[in-house]
Amino acid sequence: MSQKTVLQMPVNRVEGDLDLKVEIADKRVADAWCSGTMFRGFEQILAGRGALDGLVITPRVCGICGTAHLTAASLALDAIAGVEVPDNGIRLRNIALMVEHIQSDVRHGFLMFMPDFANPAYRKHHLYDEAVRRYEPFRGQAAIETVRETKNVLEIVAVLGGQWPHSSYMVPGGVVSVPGQSDLLQCLHLLKQYRRWYETRVLGCEVACWNAIQSASDLDAWLMEKEEHRESEVGFFLRFAQEAGLDAAGRGHGNFISFGSFDLPRQTQVKPARAGDDRLVPAGFARGIIVEAFDAEKISEHVSHSWFRDLGEARHPFDGETRPYASGSEGKKYSWAKAPRYDGIPAETGPLAEAVLAGHPLFTDLVTKSGPNVLIRELARLTRPAVLLDAVEIWLRETLAGDGDFYSPPGEITEGVGAGLTQATRGALGHWVKIEGRKIIHYQIITPTAWHASPRDDGGGRGAMEEALVGTPVKDDQNPVEIGHVVRSFDACLVCTVHSIKKGGTSAKMRI
Amino acid sequence: MSAKSTRIICVGNRLVESDNVGPRVYDCLARRDMPGDVSLIDGGLMGLDLLRFVEGVRRVVFVDALHGFAARGRPVVLDHSAALAERPARYGHDDGLAYLLRMLPAVCDSDLPEISLVGAESPIGPDVVEQLADLALSIATRGRYERGTDTAVDAV
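**Here we look at the overall build of chain A**
Move 1: Regarding its fold elements, chain A presents 18 helices and 14 strands.
Move 2: For 512 residues, the compact-globule estimate of 2.2 N^0.38 gives 24 Å, and chain A sits close to it at 22 Å.
Move 3: Dimensions of chain A, computed from the C-alpha atoms along their principal axes, are close to 70 × 60 × 50 Å.
Move 4: The buried share of chain A, reckoned over its 512 residues, is 62%.
Move 5: Here the analysis covers contacts within chain A between residues at least 6 apart in sequence; of these, 72% occur between residues at least 24 apart.
Move 6: For chain A, the distance from the average site of its 56 positive side-chain charges to the average site of its 65 negative ones is 5 Å.

**Brief notes about helix 3 (residues 66–81) of chain A**
Residues and elements named next belong to chain A.
Move 1: Counted at 1.5 Å a residue, the expected span for helix 3 with its 16 residues is 22 Å, and the 22 Å between its end C-alpha atoms agrees.
Move 2: Of all 16 residues that make up helix 3, 14 are buried, and the element is covered over most of its length.
Move 3: Looking one or two residues past helix 3, Gly 82 carries a phi angle of roughly 65°, positive in sign.

**Topic: the nonpolar core**
Move 1: With 129 residues, the main nonpolar core has Phe117(A), Trp210(A), Phe237(A) and Leu280(A) as its most contacted residues.
Move 2: The leading source of residues in this core is helix 15 (residues 374–401) of chain A, at 14 residues.
Move 3: Not counting residues within four places of it along the chain, the set of residues in contact with Trp210(A) comprises Leu203(A), Cys205(A), Leu219(A), Trp222(A), Val234(A), Leu362(A), Leu379(A), Thr383(A) and Ala386(A).
Move 4: One finds Ala143(A), Val11(B), Met46(B) and Met103(B) within the second-largest nonpolar core, a separate group that totals 33 residues.

**Points about unusual backbone geometry**
Move 1: Between Trp164(A) and Pro165(A) the backbone carries a cis peptide bond, its omega angle lying at -10°.
Move 2: Its place among the elements puts Pro165(A) in the loop between helix 7 (155–161) and strand 4 (170–171).
Move 3: Cis geometry is found at the peptide bond from Ser122(B) to Pro123(B), where omega equals 0°.
Move 4: Tracing the sequence through the fold places Pro123(B) in the loop between strand 5 (114–120) and helix 5 (126–142).
Move 5: One non-glycine residue with positive phi stands out, namely Arg438(A), at about 70°.
Move 6: Structurally, the position occupied by Arg438(A) is in the loop between strand 12 (427–436) and strand 13 (439–446).

**Things to note about the layout of surface pockets**
Move 1: If you add up the space inside the largest pocket, you get close to 900 Å³.
Move 2: As for the largest pocket, its lining consists of 30 residues, of which Arg60(A), His166(A), Asn13(B), Leu15(B) and Leu45(B) are closest to the centre.
Move 3: Tallying contributions element by element places strand 2 (residues 38–44) of chain B first for the lining of the largest pocket, with three residues.

**What to know about the confidence of the model for chain A**
Residue and element names in this part refer to chain A.
Move 1: Averaged over all residues, the pLDDT of chain A is 91; the fraction at 70 or higher stands at 93%.
Move 2: Low confidence marks residues 495–502, where pLDDT is under 50. Its contacts with residues over four positions away, or in another chain, come to 46 contacts.
Move 3: The low-confidence segment residues 504–510, where pLDDT is below 50, has twelve contacts with residues more than four positions distant or belonging to other chains.

**Quick word on the pattern of salt bridges**
Residues and elements named next belong to chain A.
Move 1: Throughout the structure, instances matching the rule amount to 49 salt bridges over all chains.
Move 2: When the shortest N-O distance is used, the salt bridge between Asp 457 and Arg 341 registers 2.7 Å. Of this pair, Asp 457 sits in the loop between helix 16 (448–452) and helix 17 (464–469) while Arg 341 sits in strand 10 (residues 339–342), and the two are 116 residues apart along the sequence.
Move 3: Through salt bridges with shared partners, a single ionic network connects Glu 130, Arg 133, Arg 134, Glu 231, Glu 233 and Arg 239.

**A word on the sheet that holds strand 8 (residues 290–292) of chain A**
Residues and elements named next belong to chain A.
Move 1: Across the sheet, three strands lie side by side as 6-7-8; this open sheet has antiparallel pairing. Two strands lie at the open edges of the sheet, namely strand 6 (255–263) and strand 8, each paired on one side alone. Sheet twist, expressed as the mean angle between neighbouring strand axes with direction ignored, is 40°.
Move 2: Sheet topology places strand 7 (residues 279–287) next to strand 8; three bridges connect them, and they run antiparallel. What sits directly across from Phe 285, in strand 8, is Glu 292.

**As for helix 10 (residues 216–225) of chain A**
Residue and element names in this part refer to chain A.
Move 1: What helix 10 keeps buried is the set Ala 216, Leu 219, Trp 222 and Leu 223. Along the axis of helix 10, the buried positions cluster into a sector of 115°, meaning they face one direction only. Exposed side chains of helix 10 directed beyond 90 degrees from the buried face belong to Met 224 and Glu 225.
Move 2: Where helix 10 is buried, its residues touch helix 8 (181–203), helix 9 (207–211), helix 11 (227–231), helix 12 (233–244), helix 14 (361–370) and helix 15.

**A look at the side chain of Asp105(A)**
All names here are of chain A.
Move 1: If you trace the backbone, Asp 105 turns up in helix 4 (residues 87–113).
Move 2: One polar contact links Asp 105 to Arg 384, side chain to side chain, over a distance of 2.8 Å.
Move 3: Not counting residues up to four positions away in its chain, the partners in contact with Asp 105 are Arg 381, Leu 382, Arg 384, Pro 385 and Thr 425.

**Focus on the packing of aromatic side chains**
Residues and elements named next belong to chain A.
Move 1: The final tally for this structure, using the stated rule, is 23 aromatic pairs over all chains.
Move 2: Between Phe 285 and Tyr 342, the aromatic rings sit 4.6 Å apart at their centres with planes inclined by 20°, giving stacked as the arrangement. Here Phe 285, found in strand 7, pairs with Tyr 342, found in strand 10; they are 57 residues apart in sequence, far enough to count as distant.
Move 3: With a relative accessible area of 0%, Tyr 342 lands in the buried category.
Move 4: Among the aromatic residues, those joined into a ring-pair cluster are Phe 110, Phe 113, Phe 117, Tyr 122, Tyr 135, Phe 236, Phe 237 and Phe 240.
Move 5: For Arg 377, the ring lying beneath its charged end belongs to Phe 490, and the centroid distance is 4.0 Å.

**Side note on the packing of helix 5 (residues 128–135) of chain A against helix 6 (residues 141–153) of chain A**
All names here are of chain A.
Move 1: One way to put it is that helix 5 packs onto helix 6 with a least axis distance of 3 Å and a crossing angle of 25°. As far as their axial angle goes, helix 6 and helix 5 are roughly parallel. Along the contact surface, helix 5 presents Arg 133, Arg 134 and Tyr 135, while helix 6 presents Gln 141, Ala 142 and Ala 143.
Move 2: When its residues are assigned to classes, the contact of helix 5 with helix 6 shows three nonpolar, one polar and two charged.

Conventions adopted
Residues numbered from 1 in each chain as written. Chains lettered and ligands numbered in written order. Predicted model: local features only at pLDDT ≥ 70, side-chain atom pairs only at ≥ 80, totals over all residues. Heavy atoms only, no water. Helix = DSSP H or I, 4+ residues; strand = E, 2+ residues; numbered from the N terminus. Rg over C-alpha atoms; globule rule 2.2 N^0.38 Å. Buried < 20%, exposed > 50% of the residue type's maximum accessible area, 1.4 Å probe, protein only. Contact = heavy atoms within 4.5 Å. Lys, Arg positive; Asp, Glu negative; His and termini not counted. Charge placed at Lys NZ, Arg CZ, Asp CG, Glu CD. Expected span 1.5 Å × (residues − 1). Core = buried A, V, L, I, M, F, W, Y, C linked by side-chain atoms within 4.5 Å. 1 Å grid on protein atoms, 1.4 Å probe; cavity = no way out; pocket = protein on both sides within 12 Å on 5 of 7 lines; lining within 4 Å. Points joined across faces, edges and corners; volume = space filled by probe spheres on them. pLDDT = per-residue confidence, 0-100. Salt bridge = Lys/Arg side-chain N within 4 Å of Asp/Glu carboxyl O. Pairing = 2+ DSSP bridges. Axes fitted to C-alpha atoms, helices over the stretch in contact; angles between N-to-C directions. Arc of directions from axis to C-beta. Polar contact = N/O pair within 3.5 Å; in protein donor to acceptor, adjacent residues only side chain to side chain. Phe/Tyr/Trp six-rings, centres within 6.5 Å; stacked < 30°, edge-to-face > 60°. Lys NZ or Arg CZ within 6 Å of the ring centre and 35° of its normal. Parallel < 35°, antiparallel > 145°, perpendicular 65-115°, else oblique. Nonpolar A, V, L, I, M, F, W, Y, C, P; charged D, E, K, R; others polar.

If you want it as structure tokens, here you go:
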């Protein structure tokens, strides 16, 4: 007879408040429940405020993806105003959002995900000592370099947007900043500096060399080709993760969603990932690697297992509401996160979803061969900057070379309905907005982590992380490092929380 | 950025009572005339992203909510070594300032400034807010806090 253990644990190194309950039987996760533990209420804060207030308030939803929220808020207002953003406005919006991605991708990798490799659970792993040297919190070489390099590259956002984080330089019709030549040259310098570090230390090769990898066998060959490849952070990650079995963990539903991002300027040398698209990163939904056309009308939010008033059926975010309701369904409702679904189906989002939907040959091959898993998810995140860095540089140079407008006046926004859909660093982000009498009468936000840390839906189906956790082996339930791998492979980001300094460090509760 | 400059950086979330010490002290100091070489910064929830504001200056006084150092509401000053000794387990947003302080010696791209941390455990009344503002300004202008200067303040 199998023995069942239930673990309830706050999860550290996700950005905010995530409680995870897992049932373990025969040393494997038999079931899982993800619970967001804090009500935010941004939708209520926004209702009744001025039409443009989302530009200032929504970047405060999150301290690490504020540019993505600003982008979504601006796109929604662009749609309502019916304004066309000039090419330079599009470029400056894209550049800042891309910089937000490329710094967050490595911060997540080397400050959040890889420290698990230095967990004593791996002390018998033949690369353990090297993992400690690289990733030990506060002392690991990669951790220190990451803080230094990301600090510098984020200056690009500050130069273009006035500050980081929580900038509000995007407005309907474009951007309010008009950088001078010296500003743009400074941005190019910062970008080159970051690229040099990323290529030398993270990839161990030039971006073009990495992007030439087309398949799993190419990846194996790349790893064997040079010492620089094996000793790079990506090379080390692959060697450690394969031996640790991370290519067999955290499979999940195998569905992917992207809202698409980075509108292409009308005149640009940047090519979309999928021919014919008007955005660099395509929108879409995929079951495995079978990609379907994206229809935003198929998005809905389920609240049957969330602490919100149940409207009897899942609603599209234009029709939904966010009304707290924490009683009456004891034992059933367990999260402050809603359960977003696409055509009623759960999905994961983020860098791997973007790669699959773009038809990226390497990740298409990897998913085909072994399905989504922890290793592939994290590899897609670590190497997404290789997809974006060329485009950032081209758009900086195009802005430098041109003299076009950055802003097109949208006129007063008095009423209308619009959605702003983009890709935040962690995946699909949407703002659905209704304006009436110059005021916001409706605002709904679906974040990437709502897709990932979703609770059960109306049909009882698990969210993406819950599903991915099922089957995860747990060798030691007092140090369930394997669960941490699965959760962190989604780069879950809940909310900023109380962060005051506590004597003696963090909470005594078990954290993973 | 002047190598002689001093900064008071107030940290916290004004919407959360247990974390609003820094913002309240910021509001208090913002109403006062600041000495010429002292700049006041609303650090909000920036955590690690405050690193830029710590580099290239001579002295930094952080103001934040503190838990467990003294009785609730009683002002506390952590000197340079005590502040840098605060150790969050690992990186996480909820360890913002503690993480920054712990990483600072390894990642600061200038001479390490003299660090002090001033705060109290919420809830605090307006009198304690004024007291913390006085403390922060005093340390910013005169240098480190001398233990025993004020019996109403605990020094760590």
